[in-house]
Amino acid sequence: MNALDVYHSDRLLSWDREADDLASLGYGAAELDLRDPGNLIDRLASADLLWVVGGNAFVLARAMATAEFRRAFTSIPDDERPTYAGYSAGACVAGPDLAGIDLIDDPGPSSSVETLEFITERIVPHWRSEHPEAPAAELVVAELTRRELAHLTLRDGDDHLVGW
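Please read all numbers here as calculations on a predicted model, not as lab measurements. (Residues numbered from 1 in each chain as written. Predicted model: local features only at pLDDT ≥ 70, side-chain atom pairs only at ≥ 80, totals over all residues. Heavy atoms only, no water.)

Draft legend 1. Inspection of the overall build of the protein at higher detail. Each helix and strand counted, the protein has 6 helices and 4 strands in total. Secondary structure elements of the protein occur, N-terminal to C-terminal, as α-α-β-α-α-β-α-β-α-β. In terms of overall size, the protein behaves like a compact globule, its C-alpha atoms giving a radius of gyration of 15 Å where 164 residues would be expected to give roughly 15 Å. Here the C-alpha coordinates of the protein stretch approximately 40 × 30 × 30 Å along the principal axes. Relative to its full complement of 164 residues, the protein shows a buried share of 42%. By sequence separation, contacts in the protein at least 24 residues apart represent 69% of the contacts at least 6 residues apart. Of the accessible surface of the protein, which amounts to about 9,200 Å², a share of 50% is contributed by carbon and sulfur atoms. Placing the 13 positive and 30 negative side-chain charges of the protein at their respective mean positions leaves the two points 5 Å apart. (Helix = DSSP H or I, 4+ residues; strand = E, 2+ residues; numbered from the N terminus. Rg over C-alpha atoms; globule rule 2.2 N^0.38 Å. Buried < 20%, exposed > 50% of the residue type's maximum accessible area, 1.4 Å probe, protein only. Contact = heavy atoms within 4.5 Å. Areas by Shrake-Rupley, 256 points an atom, 1.4 Å probe, with all protein chains shown as cover. Lys, Arg positive; Asp, Glu negative; His and termini not counted. Charge placed at Lys NZ, Arg CZ, Asp CG, Glu CD.)

In structure tokens form, the structure reads like this:
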């Protein structure tokens, strides 16, 4: 839920919907708040699935960097590591950087952030979707294409599976 930290006390308004969606797939849900990362490796290793929600990709990337999420996640042996899944900001931070995402999300004080680098392509969410950010996603695709940066466009409801 840290991608929603920018919304302060309203950040948990979508919690019930997210938890209900996960419950319908057979998952129990508990928030992993990166603002309090105590025992992060143990908490990650005890999960089967990490569902990383949308919001502001820059806010999420900063929270992950501060909590040393990438180091903790990759230190877990492959056969014990939970599945990383998410949408919008949660998908964007899986790439090599957030190039172009500043056309969708406010980068805040600095657009220089650490991403997870799980995949080599940048994710452009909401592309050609019925989403308020769809027009901005078109601009991101144009910018990344112009800069010849590898990217994947995802429409709302699309998925992209990556293995280790």
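Draft legend 2. Here's a closer look at unusual backbone geometry. Phi is positive for H126, close to 65°, though the residue is something other than glycine. When you line up the elements, H126 lands in the loop between β3 (122-124) and α6 (134-146).

Draft legend 3. Focus on the environment of G86. Here G86 lies in strand β2 (residues 83-86). According to the relative accessible area criterion, G86 is partly exposed, its value standing at 27%. If near-sequence neighbours (up to four positions away) are discounted, G86 is found in contact with W51, V52 and A91.

Draft legend 4. Up close: helix α1 (residues 15-24). For α1, the set of buried residues is E18, A19 and L22. Summarising the axial view, the buried residues of α1 lie within an arc of 95°, below the 170-degree limit, and thus occupy one face. Structural note: α1 exposes D16, D20 and S24 on the side pointing more than 90 degrees away from its buried face. For α1, the secondary structure elements touched by its buried residues are β1 (49-52). G26, located one to two residues past α1, shows a positive phi value of around 95°. (Arc of directions from axis to C-beta.)

Draft legend 5. Local environment of the environment of P125. The residue P125 is located in the loop between β3 and α6 in this model. Classification of P125 as buried rests on a relative accessible area of 7%. The spacing of P125 and P135 is 10 residues in sequence and 11 Å in space, taken between C-alpha atoms. Residues within four places of P125 in sequence aside, it is in contact with S88, C92, I101, A137 and L154.

Draft legend 6. Broad picture of the pattern of salt bridges. Per the stated rule, a full pass over the model turns up 12 salt bridges. A salt bridge links D33 to R35; its shortest N-O distance comes to 2.8 Å. Owing to a relative accessible area of 17%, D33 belongs among the buried residues under this scheme. When salt bridges that share partners are traced, they join D5, D33 and R35 into one network. (Salt bridge = Lys/Arg side-chain N within 4 Å of Asp/Glu carboxyl O.)

None of this, on its own, says anything about what the molecule does.
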